[in-house]
Structures are given as structure tokens and as C-alpha cells.
Amino acid sequence: MNNGSVIAAEGVHSMADTVKQGAGLRNVVAGESSLCWIDGERGILTYRGIDIHSLAEQSTFEEVVFLLHRGKLPARAELAAFSQELARERAVPAATTALLKLLPPATHPMTSLRTAVSALGGLDPDANDDSPPANARKALRLTAQMATVVALVDRVRKGRAPVAPDPSLSHAANFLLMLTGERPRPEAEKAMDMALILHADHEFNASTFAARVAASTLADVHGAITAALATLKGPLHGGANEAVMKTLQEIGTPDRVEPWLRDALAAKKKIMGFGHAVYRTEDPRATHLRRMSRQLGEANGDRRWFELSERLEALVRAQKGLNANVDFYSASVYHSLGIPTDMFTPVFAVSRIAGWTAHVLEQLGNNRLIRPESEYTGPRDVKYVPMDQR
Ligand SMILES: CC(C)(COP(=O)(O)OP(=O)(O)OC[C@H]1O[C@@H](n2cnc3c(N)ncnc32)[C@H](O)[C@@H]1OP(=O)(O)O)[C@@H](O)C(=O)NCCC(=O)NCCS
């Protein structure tokens, strides 16, 4: 039966109404997953059932990757072995550097990153092996390599020599070392580690869903992650953190927030870093990032970006009823860590690769091709008009 209407308890709705309610697949359960659970009404986020606040305060990114990939927290010896595995897989082939050098220096880092990760699909030792064990190896390798490639993207475009990873350092410290060429201070390493934990997974967000759609066709792991990277770039998703920093810089000083917001809302502009498809209350990740933004600003002796952010947050909440999301305070956090603004979204990928790869493995473990339907709104029964009669 497909007569354009659906029967619901309260009566008959047109299919178009149903599609409108679920526009952008909002409120549509599109599959099963045991990785991440969100309660948007109460602001709860869990990875494998463990609350994000406990993970942010007590775990490390390496532990979180183990948790997402292997389904449980690692014991001490398991974590040590896993950290060594990550360290072994961190290097990328020299061809990656050569490829990145072919791109114009003005290329957006997300475009460079997506290109490099796609190329790694051909350079990978398990290229052309899509067996479950090879896919698990590729998932771990890509998780280790993402930080290396992101750092490389920035160094190559600036004409700087790549910095080799240091196997004695954590994933977070390694990333900052490879990016800046300097061993990070302990508080910078801690902040980076926490940012990586907070961004590691988020249910069926747009980039993860893109990865799962690609994986569901039995495309290879690198292809699925390339699709995720392409999707993350957009300012409505991962690109928002970069857009937030540009907003803060455009505003400039806390006293300019009010007139700036008045003009932006009058022009019906979206305020980047606010609103969320799922959370109706504070995004639990924002709670930690707000604190980190304040602490890092104070440690740097520069509270300007935190104060400006806090002022904007208060006004947007009061005037629009919108809460800050994960991207809002991550902007000032990354800025305080000395990360260039257009590298913010690649930094998101350094973390989210953990979730993407876990979702790809989960999808492949119980696969069915993802293939929804559309509600057709075009004309029907249109006659074909031969060329000379048009
Ligand atoms: C994240 C986002 C895409 C969620 O979208 P959504 O759930 O589909 O919410 P909608 O876009 O339907 O928004 C509902 C209403 O709030 C408004 N709104 C939502 N976010 C807004 C924002 N950041 N600034 C201004 N208005 C906003 C919408 O314009 C819409 O108003 P309307 O009903 O009058 O048209 C949206 O909030 C957004 O674009 N935010 C800015 C980008 C961002 O920070 N993205 C990162 C997300 S983690």
C-alpha cells in the first residue's frame, strides 16, 4: 500500500507532512549501534554506556579509542600494548608528503586531508584486502595516522619539514609535537587529550552516517573515511569550529558583541557554534570546553577570547534560546593552543576518526545496504517531446 498517506494513531497524515517532520532525517532512527548514546533532552552523552564526564575527567584518548574499537575499557597491560600498537602505526608513507606538495598552499586543509586519506587507501599495506582482520588493522592504523597527516598538511603548506612522531609520547602530545615542532607543556597536552576524548564519537552525526552509508555498499575503509572527511568539512557540521573563531575575530572585543549580534540576527544569519540537531539543553561537551577555554586563556595571560565567547553565549541564550554546542568553546581552546584557525576542523578529525572507524567496523559486522526512499514531488505522466517539437 502506497497511497501517499500514512495511518497514525491520531489519524491520517500526508506523506509530505511526515517527510517534513523528519526533514534532514531528524528524529528518524536509521540503524542500530552499541557505540554511543545521546539523550538530547537531558544533555547526556555516553560512549559504550560510560558517561562522557567520567571519560573526560578520568580517561585518556588512547583508552577511549580502545573502548570504542574493542568494546570495553582496557586493563593496564592492554592499554600499554595498545598504545605501542598506535605508536607503531603512526608513520605515513613518504608518498603522502609528495602528494601534499602537489596541492597549492592555499588549499583548505580539509581538502588536503581528504585527498591524503584517500591516497592512503592505495598506499596501505592492507590495500585490496577487505577481510575483517584487515579492516580492523586499517581502522587502527588510520586512527593512529590521522594526527600525523593533519600535522603534515599544515607543515607542507608552510614549506616546513615534517616532524617525526615520538613513540614515548601520548597521542595528544604527539599531535602537538608534529604540528608545532615543540613538545607541548603538560597543560597543553592535557587540554588536547580532553578535546580528543570529547570529540571521539557522536552517534549518527552527518559525517559518521556518511561513513556508514559508504561502508554499507562494501566500499573500503579508506573510502568510507574519505566520505566522512568530505562531510565533516561543512560549516553546519565540523566546519563550525573554524567559523566560530572567524566570528570571534570579526567581533574583536567583548563590548562589540551586542551590536554585532543585533546586526547578525537582523540579517537572519546563523550564529556559528550554537544550536544542535539533538541537544535541547547544554551540550555536555561544551561544559568541559568552556572550562578549558577559561583555564587556557588564564594560563596564556589572555582572557579576551574566553570573555568574548562568554558574552556571546549569554546573549544568544537570552535572545534566541540557543545553547552553545561542542564547536563554540573548542574554537578558543584550539586558538589558545596555538593551532591555526583553518586547522580546527582537521583537529576534529584527529579525534572523530576513532568513532568513524568504530562505526565502519560495526556497520560491516552486521551489514545491510543503507538505501532510504524519497518522497517524489515532481510532475507525473509527462509526455516525452521529440527534439524538433520543443
Ligand atoms: C546545528 C544545526 C544545523 C542544527 O540544525 P536543526 O536541528 O536542523 O535546527 P534548525 O536549523 O532547524 O533550527 C531551528 C530554528 O532555530 C534557528 N537556529 C538554529 N541554530 C541557529 C543558529 N546557530 N543561529 C541562529 N538561528 C539558529 C533556525 O534558524 C530555526 O529557526 P526557524 O524555525 O525560525 O527557521 C543548526 O543549529 C546550526 O546551523 N547551527 C550553527 C552551525 C553549528 O554550530 N554547527 C555545529 C553543530 S555541532
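What this report covers is the structure whose coordinates are included nearby. Just so it is clear, the model here is predicted, and its values are computed rather than measured. (Residues numbered from 1 in each chain as written. Predicted model: local features only at pLDDT ≥ 70, side-chain atom pairs only at ≥ 80, totals over all residues. Heavy atoms only, no water.)

**Comments concerning empty space enclosed by the protein**
Condition: Only protein atoms enter the 1 Å grid used here. Points where a 1.4 Å probe fits but cannot escape make up a cavity, open sets with protein on both sides within 12 Å along at least five of seven lines make up a pocket, and a residue lines them when an atom lies within 4 Å of a point. Grid points are joined across faces, edges and corners, and a volume is the space filled by probe spheres set on the points. Secondary structure is summarised from DSSP: a helix means a run of H or I of at least four residues, a strand means a run of E of at least two, and numbering begins at the N terminus for each. Residues are sorted three ways: Asp, Glu, Lys and Arg are charged, Ala, Val, Leu, Ile, Met, Phe, Trp, Tyr, Cys and Pro are nonpolar, and all the rest, Gly among them, are polar.
Following the criterion strictly, the structure yields one cavity of 30 Å³ or more and no others. Space inside the largest cavity adds up to approximately 30 Å³. Within the residue set of the lining of the largest cavity, elements represented by two or more residues are α14 (284-300), α15 (304-320) and α16 (326-336). Residues of the lining of the largest cavity, tallied by class, amount to two nonpolar, four polar and one charged.

**Some details on the site of the ligand**
Note the following rule: Each residue is tested against the molecule or strand, and it is near if at least one of its non-hydrogen atoms lies within 4 Å. Counting of polar contacts relies on pairs of N or O atoms within 3.5 Å, with two restrictions inside protein: one atom must be capable of donating a hydrogen and the other of accepting it, and residues adjacent in sequence are counted only when both atoms are side-chain atoms. To measure how exposed things are, a 1.4 Å probe is used in the Shrake-Rupley method; for residues, cover is taken only from the protein chains shown. Assignment of a molecule to a cavity or pocket requires that more than half of its atoms lie within 2 Å of the corresponding grid points.
The full set close to the ligand counts 18 residues, and R26, I271, G273, F274 and N325 are the nearest of them. At 2.6 Å from an oxygen atom of the ligand is found a side-chain nitrogen or oxygen belonging to R26. Side-chain polar atom of K270 to an oxygen atom of the ligand: 2.9 Å apart, as the coordinates give it. For the ligand, whose unbound accessible area comes to 850 Å², protein coverage reaches 63%. A molecule is said to occupy a pocket when more than half its atoms come within 2 Å of that pocket's grid points, and by this definition the ligand occupies the largest pocket. Here the residues of the shell around the ligand sort into eight nonpolar, five polar and five charged.

**Let's talk about the layout of surface pockets**
Each pocket or cavity is described by its volume, and for the largest pocket that value is around 1,600 Å³. Considering the residues around the largest pocket, the lining is formed by 46 residues, among which R26, N205, H276, A277 and V278 are closest to the centre. Among the secondary structure elements, those contributing two or more residues to the lining of the largest pocket are β3 (36-39), α10 (206-216), α16 and α17 (344-365). Of the residues belonging to the lining of the largest pocket, the class tally is 23 nonpolar, twelve polar and eleven charged.

**Points about the environment of H108**
Put simply, the rule reads: The contact criterion used is simple: two residues touch if any of their non-hydrogen atoms lie within 4.5 Å.
Tracing the backbone shows H108 in the loop between α5 (94-101) and α6 (109-123). Here the alpha-carbon distance between H108 and Q295, two residues 187 residues apart in the chain, equals 30 Å. Excluding residues that lie within four positions of it along the chain, H108 makes contacts with K233, E242 and D342. In terms of polar contacts, H108 uses its side chain to reach the backbone amide nitrogen of M110, at 2.9 Å.

**Considerations on the nonpolar core**
For soluble globular proteins, nonpolar side chains are generally found buried alongside one another. Defined as follows: As used here, the term nonpolar core means buried Ala, Val, Leu, Ile, Met, Phe, Trp, Tyr and Cys residues forming a set that is joined through side-chain atoms within 4.5 Å. Exposure is judged per residue with a 1.4 Å probe applied to protein chains only, and the accessible area is read against the type maximum: over 50% gives exposed, under 20% gives buried, and values in between give partly exposed.
In terms of nonpolar packing, the biggest core is built from 99 residues, with Y47, M146, F175, M192, I225, L312 and I339 touching the most fellow members. When residues in this core are grouped by element, the largest group, eleven residues, is from helix α7 (residues 132-157). With residues up to four places along the chain from it excluded, the contact list for F175 reads A147, V150, A151, M192, V347 and V350.

**Side note on the packing of aromatic side chains**
Condition: Pairing of aromatic side chains requires ring centres within 6.5 Å, counting the rings of Phe and Tyr and the six-membered ring of Trp. Pairs whose planes differ by under 30 degrees are stacked, by over 60 edge-to-face, and all others tilted.
The tally for this structure, following the rule as stated, stands at six aromatic pairs. A centroid spacing of 4.6 Å and a plane angle of 50° characterise the contact between F274 and F328, whose relative ring orientation is tilted. In this pair, F274 is assigned in the loop between α13 (257-266) and α14 and F328 in helix α16, connecting sequence segments 54 residues apart. With relative accessibility at 0%, the residue F328 sits in the buried group. With a centroid separation of 5.5 Å and 70° between ring planes, the pair formed by Y334 and F344 is classed as edge-to-face. Residue Y334 is found in helix α16, and its partner F344 is found in helix α17; the two are separated by ten residues along the sequence. In terms of burial, Y334 and F344 fall into one category: buried.

**Some thoughts on the sheet that holds β3**
Put simply, the test is: Pairing between two strands requires that DSSP report at least two bridges joining them.
Pairing in this open sheet of three strands is antiparallel, and the strands run β3-β4-β5 from one edge to the other. The strands lining the two open edges of the sheet, one partner per strand, are β3 and β5 (50-51). Sheet analysis places strand β4 (residues 44-47) next to β5, joined by two bridges and oriented antiparallel. By the bridge assignment for β5, Y47 is matched with I50.

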